[in-house]
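Spelled out, the chains give:
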Protein chains: 2
Amino acid sequence: MLSDIDICRTTSLSSIHDIALRAGLLPEEFHSQGKHKAKVSLNCLKRLSKKASGKLVVVTAITPTPLGEGKTVTTVGLAQGIAQLSHSVMACIRQPSMGPVFGVKGGAAGGGYSQVAPMEELNLHLTGDIHAVTAAHNLAAAAIDARIYHEQRNGYEDFTARSGLKALKIDPKRVVWKRVMDHNDRALRMVTVGQNDLGKTINGFERQDGFDISAASELMAILALSSDLKDLRQRIGRVVVAYSMEGEPITAEDLQVAGAMAVSMRDAIEPTLMQTLEGVPTLIHAGPFANIAHGNSSIIADNIATHLADYTVTEGGFGSDMGFEKACNIKAQVSGKAPDCAVIVATLRGLKANSGLYDLKPGQAIPDSLFEDDEKALEAGFANLKWHIENVAKYGVPAVVAINRFPQDSEKELAQLKAMVEALPNNVEVALSEGFSKGGEGTLELASKVIKQCEHESQFTPLYTFSQTTEEKLMAVAEVGYGASSVTLSYQARNQLEEYQKQGFDNLAVCLAKTPLSISTEGSLKGAPSQFNVPIRELKLCAGAGFIYALCGNVMTMPGLPEKPAFMNLDLDDDGNIIGLS
Amino acid sequence: MLSDIDICRTTSLSSIHDIALRAGLLPEEFHSQGKHKAKVSLNCLKRLSKKASGKLVVVTAITPTPLGEGKTVTTVGLAQGIAQLSHSVMACIRQPSMGPVFGVKGGAAGGGYSQVAPMEELNLHLTGDIHAVTAAHNLAAAAIDARIYHEQRNGYEDFTARSGLKALKIDPKRVVWKRVMDHNDRALRMVTVGQNDLGKTINGFERQDGFDISAASELMAILALSSDLKDLRQRIGRVVVAYSMEGEPITAEDLQVAGAMAVSMRDAIEPTLMQTLEGVPTLIHAGPFANIAHGNSSIIADNIATHLADYTVTEGGFGSDMGFEKACNIKAQVSGKAPDCAVIVATLRGLKANSGLYDLKPGQAIPDSLFEDDEKALEAGFANLKWHIENVAKYGVPAVVAINRFPQDSEKELAQLKAMVEALPNNVEVALSEGFSKGGEGTLELASKVIKQCEHESQFTPLYTFSQTTEEKLMAVAEVGYGASSVTLSYQARNQLEEYQKQGFDNLAVCLAKTPLSISTEGSLKGAPSQFNVPIRELKLCAGAGFIYALCGNVMTMPGLPEKPAFMNLDLDDDGNIIGLS
């Protein structure tokens, strides 16, 4: 089989103009960006909101191996399958971060015959939305340090006399807005900024700081959760960036930087329209990771897609404990649009890895032994799939298990897995998914089962409502969601909880950051762990995004590059084509 | 008069498709990015290189005030004037950095009725080229720290055994590749990266580092100096990022990251086509500052423009000691295309400021007194204009002085200035330039004098040739170029000079970084200083860009935000339009 980039390059694509018209957009509702991308104007929503909303299908997965189980392949393949069954359909996916593209995982366009195309444009820069988020985020960071510098250099009164501005009296020890970068750069996790030579204060005041990857920026969450530009602007104004010497929260509005941040993100609020290899219109928008952020593409993109098409297929990152949990508890409660069906992607290799009998590491090749028949490992790993099926059922969302087939998979094991799912008491459906090797033709069974499950009356129930206390909401996700037996808050987290309560930040969602490699907060606990504790190390108020963010265990908000990063394979050939991207 | 953004918004623009065709591009040679921007494919050069090259006009200036003297206004206005005289013409300008846009100076689209439009798209993000440079630059930085971390964690042999890669043995004290950001962020000038909690080495090895503004990145210079994508790729490979423990230079090629960096910049190599308010096709490409970098838009853009149009108007940043010096000594020697005419922009306010009788500070309003008649100040400041006229003459390039008129200017002083220029023995022409208030109609006299000067046979002579020694080249710029009486190299600079010589890096240009606010390296020395020393603090090898970079005096490669930054004025109105941008 050809490589992903070669398949993509040899497929003849429609002009994005034709794709947009076919999707139901009017010529004035989009702006082509070259041949294969278009920005979609939010003006279309005024016209479309009169139409009934179509069905929303959320693709999730078992607990993944570090290489992923093929959720994007399945999302794209399924959308192509639904199109082949002559239904109107769109896909909505996140913009890939360049961190993983250059780091370990590679691109995030799907693969084989189920890709968003052109994959090299999707995987690099695209229309610049992540860069706009990064720029807006770091503008606020520069504004904070500049304000501290100017206010403290000659004292607050002098500052006010010179500038006419009120002194904000930012406590340099309580700046809670880090900087961000769209790279895997572990050396930036912990830095000291504002250092000076020879005791001269010309570069600001020294303080401990750090960088997160842009996918973890609160602005990325805001982009994904906003309903329109006005909402985006207001949310940015509410972002708490620091605390004053008196302990009062200081917002981006207080810094008078919220307007400029919104200006910087004005084009980013428009989703980018692309197409799959089979011409299914696909909206790309926002890119929060699902381990350290809320892991779903935007409410705006879903809103456009569900009003244009009868079926919209989107995905939540990692397993159903991660992106799907947040799709239900955060995104659906904000948007008011619940998933009509969940697709749980499972692979033989992923389930066997979940047996705990294999040790897979990011950046290392999958051992061949994982593709050999191993009934025992498959049975042991099946506990993980069963857990995810039951987890999706907690939300009242009907599900279909998609067995994402790899070329090396054994027929015997595939049949065994299908039989195991069919034997479950839940009303879950199961289908082989061969989108990678066959495109939409390989997902026809999956597509018809998804359409069938979408017919059920919605029974959607989130695990909590925003009006509960923050502690109750954290417990709901950890204990009801993950199945933990207990939750412990660190001393710091407990203090933060109290502080946010006092400040009135209580009616927010909660967004838990944890390893995606286990249902628990310990990556090494495979399968369906129970009787585990969820330790909450630290909380972070995201008043603009509308959630309180909880760091569980040792999760890192800035990844690192491996020994042999993916960037080493990338280059340009003599004709200027990109090689080595997958 | 309306504000810049209001003039821009109320002017009816042509579709960029029409502008491109009118410029002489074929439909397959450009890709529209929305209604008003297009990326120009370098393929057009194959077709166009058979045509004769048109005339190249470089706009430069007197020593500017911190607010600038209106070089971009004059560039755009002059191009519009040439078009009104029925000649084919294009303008080439740099992409504005968001640092100044959000900081002090504001946008860089020109102003009044001589703007590149839409100015809000030019001033923010544009087509993402600066972001691509930033991303490629920081990818190499992440690659360096990651390599140090992986090699040193368990020793070189262990690293090679595990990864199959040769140990580069990077000396963490001799990493010469800083990180960059397109913001004014003084707190990032000096930072410590790779810090760890509690003695655990999980974030890398601690070392002193810093950030420059993206305009100062060697990759920005490479973008501006490359002839094509292949040349860009090769230059990136030659970039020296660090030295090994044995003192050997380590390149981006050695790190195996050069290919990925070129991939990240693949779209950035295509200039962006826009239009002026009067529909003159304008190429925007690259954005090196002229104080801390080489300060000129790209060779590729000039090459396309001069092969499409009879006249190409471009600009070099700041005074003729800065961008124009580098346009002649670096850019023209690399491209082989010399300027046919220089335009020296002068303003009454700028000349009076050069008298030394006024004290202007960035971010502060211009004192009204500067617009009152002050014959003495004008005469004193005229020495500066005279210096720049003589400076341009050193290169054998014919010149026209453009007096950029401000609404408050007095007729008497304008006449006085004109007469003083006309009385000079040089063959210099002079014309009022009213592009700001009248568009192309305000520059007709300037345009015809420029066209006349372009008829002179080229006498172009750079101040040095690349084959001279580095010290000779530095002396040529400082003593012949600036008129300094001496040059002193710091101990560090002297050692670096020796080292580069030993390593064989001798056939390169030199790029001096210094304050733009004086011909000397002391911002406070106004007018036409002489008998000054040029102290070279530090050298930096830019083997990819092809020059040795010299830091003179206290020049900063990362600006800071003022007390009341421009970003405070920016916001979105209820219709989502940007307000407060100028």
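Treat the numbers as computed from the prediction; the structure is a model and nothing was measured. (Residues numbered from 1 in each chain as written. Chains lettered and ligands numbered in written order. Predicted model: local features only at pLDDT ≥ 70, side-chain atom pairs only at ≥ 80, totals over all residues. Heavy atoms only, no water.)

**Comments concerning the overall build of chain A**
Okay, so step 1: Summing up its helical and strand segments, chain A has 20 helices and 25 strands in all.
Okay, so step 2: Its C-alpha atoms give chain A a radius of gyration of 24 Å, near enough to 25 Å, the size a compact globule of 582 residues would have.
Okay, so step 3: Overall, the C-alpha framework of chain A stretches about 75 × 55 × 50 Å when taken along its three principal axes.
Okay, so step 4: By residue count, 65% of the 582 residues in chain A fall in the buried class.
Okay, so step 5: Here the analysis covers contacts within chain A between residues at least 6 apart in sequence; of these, 74% occur between residues at least 24 apart.
Okay, so step 6: Accessible area for chain A stands at about 19,600 Å²; split by element, carbon and sulfur atoms hold 49% of it.
Okay, so step 7: For chain A, the distance from the average site of its 54 positive side-chain charges to the average site of its 67 negative ones is 4 Å. (Helix = DSSP H or I, 4+ residues; strand = E, 2+ residues; numbered from the N terminus. Rg over C-alpha atoms; globule rule 2.2 N^0.38 Å. Buried < 20%, exposed > 50% of the residue type's maximum accessible area, 1.4 Å probe, protein only. Contact = heavy atoms within 4.5 Å. Areas by Shrake-Rupley, 256 points an atom, 1.4 Å probe, with all protein chains shown as cover. Lys, Arg positive; Asp, Glu negative; His and termini not counted. Charge placed at Lys NZ, Arg CZ, Asp CG, Glu CD.)

**Description of the nonpolar core**
Okay, so step 1: In terms of nonpolar packing, the biggest core is built from 342 residues, with Leu 385 of chain A together with Leu 385 of chain B touching the most fellow members.
Okay, so step 2: Every residue in contact with Leu 385 of chain A, bar those within four places of it in the chain, is listed here: Ile 62, Ile 344, Ala 346, Leu 351, Val 401, Leu 417 and Val 421 of chain A. (Core = buried A, V, L, I, M, F, W, Y, C linked by side-chain atoms within 4.5 Å.)

**Some remarks on the interface of chain B and chain A**
Okay, so step 1: Listed by partner, the interface residues are 76 residues for chain B and 76 residues for chain A.
Okay, so step 2: Note on chain B versus chain A: buried area summed over both sides is about 6,300 Å², and carbon and sulfur give 62% of it.
Okay, so step 3: Of all residues in chain B, the largest losses of buried area upon contact with chain A belong to Met 190, Val 263 and Glu 563 of chain B, amounting jointly to 11% of the total for that side.
Okay, so step 4: Taken together, the connections running from chain B to chain A amount to eight salt bridges.
Okay, so step 5: Put simply, Asp 571 of chain A and Arg 233 of chain B hold a salt bridge, and the shortest N to O gap is 2.7 Å.
Okay, so step 6: Along the contact surface separating chain B from chain A lie 35 residue pairs in polar contact (both at pLDDT 80 or more). (Buried area = accessible area lost by both parts, 1.4 Å probe. Salt bridge = Lys/Arg side-chain N within 4 Å of Asp/Glu carboxyl O. Polar contact = N/O pair within 3.5 Å; in protein donor to acceptor, adjacent residues only side chain to side chain.)

**Some thoughts on the sheet that holds strand E12 (residues 240-244) of chain B**
Two modes of strand pairing occur in sheets, parallel and antiparallel, and in both the strands are linked by backbone hydrogen bonds.
All names here are of chain B.
Okay, so step 1: With antiparallel pairing, three strands are arranged side by side in an open sheet as E7-E12-E13. Edge strands, defined here as strands with exactly one partner in the open sheet, are strand E7 (170-175) and strand E13 (249-251). The sheet shows a mean angle of 50° between the axes of neighbouring strands, direction not considered.
Okay, so step 2: As judged from the two bridges shared by E7 and E12, these two strands associate in the antiparallel manner. Note on E12: the bridge partner recorded for Ile 170 is Ser 244.
Okay, so step 3: Here helix H7 (residues 129-153) sits on the sheet in contact with E7 and E12, set at roughly 140° to E7. (Pairing = 2+ DSSP bridges. Axes fitted to C-alpha atoms, helices over the stretch in contact; angles between N-to-C directions.)

**Regarding the packing of aromatic side chains**
Okay, so step 1: Taken as a whole, this structure holds seven aromatic pairs over all chains when the rule is applied.
Okay, so step 2: When the ring of Phe 324 of chain A is compared with that of Tyr 395 of chain A, the centres are 5.6 Å apart and the planes differ by 85°; the resulting orientation is edge-to-face. You can see Phe 324 of chain A sitting in helix H13 (residues 320-335) and its partner Tyr 395 of chain A sitting in the loop between helix H15 (375-394) and strand E18 (399-404), a full 71 residues away along the chain. Here Phe 324 of chain A matches Tyr 395 of chain A in class, with each residue buried.
Okay, so step 3: Between Tyr 464 of chain B and Phe 466 of chain B, the ring centres sit 6.3 Å apart and the planes meet at 35°, which makes this aromatic pair tilted.
Okay, so step 4: The lysine or arginine in question, Arg 174 of chain A, covers the ring of Tyr 243 of chain A, its NZ or CZ lying 4.2 Å from the ring centre. (Phe/Tyr/Trp six-rings, centres within 6.5 Å; stacked < 30°, edge-to-face > 60°. Lys NZ or Arg CZ within 6 Å of the ring centre and 35° of its normal.)

**A closer look at the sheet that holds strand E21 (residues 509-513) of chain B**
Residues and elements named next belong to chain B.
Okay, so step 1: Pairing is mixed in the open sheet, where four strands are placed in the order E20-E22-E23-E21. Each having just a single partner strand, strand E20 (486-489) and E21 make up the two edges of the open sheet. Neighbour-to-neighbour, the strand axes of the sheet open up by a mean angle of 35°, direction not taken into account.
Okay, so step 2: By the bridge criterion, five bridges tie E21 to strand E23 (residues 547-552) in an arrangement that is parallel. Bridge pairing links Cys 511 to Tyr 549 in E23.
Okay, so step 3: Sheet contacts for helix H13 (residues 320-335): E21 and E23; angle to E21, the most-contacted strand, approximately 155°.

**What about the relation of the copies chain B and chain A?**
Okay, so step 1: The transformation that overlays chain B on chain A combines an axial shift of 0.0 Å with a rotation of 180°, and the residual RMSD is 0.0 Å. Seen this way, the second copy is the image of the first under a two-fold rotation axis. Among all residues of chain B, the one whose C-alpha sits closest to the rotation axis is Gln 33 of chain B, at a distance of 2.0 Å. (Least-squares fit on C-alpha atoms with pLDDT ≥ 70 in both.)

**Things to note about the pattern of salt bridges**
Okay, so step 1: Here the structure, examined in full by the defined rule, presents 60 salt bridges over all chains.
Okay, so step 2: Here Asp 158 of chain B ties to Arg 162 of chain B by a salt bridge, and the two come within 1.8 Å at their closest N and O atoms. Placement of both Asp 158 of chain B and Arg 162 of chain B in helix H8 (residues 156-163) is noted, with a separation of four residues, approximately one turn of the helix.
Okay, so step 3: Classification of Asp 158 of chain B as partly exposed rests on a relative accessible area of 31%.
Okay, so step 4: One network of salt bridges, with partners in common, ties together Asp 145, Arg 179, Arg 207 and Asp 209 of chain A together with Asp 185 of chain B.

**Thoughts on the packing of H13 of chain B against helix H15 (residues 375-394) of chain B**
Residue and element names in this part refer to chain B.
Okay, so step 1: At a minimum axis distance of 11 Å, the contact between H13 and H15 shows a crossing angle of 10°. Comparing their axes, H15 and H13 come out roughly parallel. Together, Ser 320, Asp 321 and Phe 324 of H13 and Trp 387, His 388, Asn 391 and Val 392 of H15 make up the contact between the two elements.
Okay, so step 2: Its residues assigned to classes, the contact of H13 with H15 comprises three nonpolar, three polar and one charged. (Parallel < 35°, antiparallel > 145°, perpendicular 65-115°, else oblique. Nonpolar A, V, L, I, M, F, W, Y, C, P; charged D, E, K, R; others polar.)

**A short note on H15 of chain B**
Residues and elements named next belong to chain B.
Okay, so step 1: If you check H15, its first and last C-alpha atoms are 29 Å apart, about what 20 residues at 1.5 Å a residue would give, namely 28 Å.
Okay, so step 2: Remark: the principal bend of H15, roughly 25°, maps to Gly 381.
Okay, so step 3: Those residues of H15 lying buried are Ala 377, Leu 378, Gly 381, Phe 382, Asn 384, Leu 385, Trp 387, His 388, Ile 389, Asn 391 and Val 392.
Okay, so step 4: Residue Gly 396 follows H15 closely and has a positive phi angle near 75°. (Expected span 1.5 Å × (residues − 1). Bend = angle between axes of the 7 residues up to and from the residue.)

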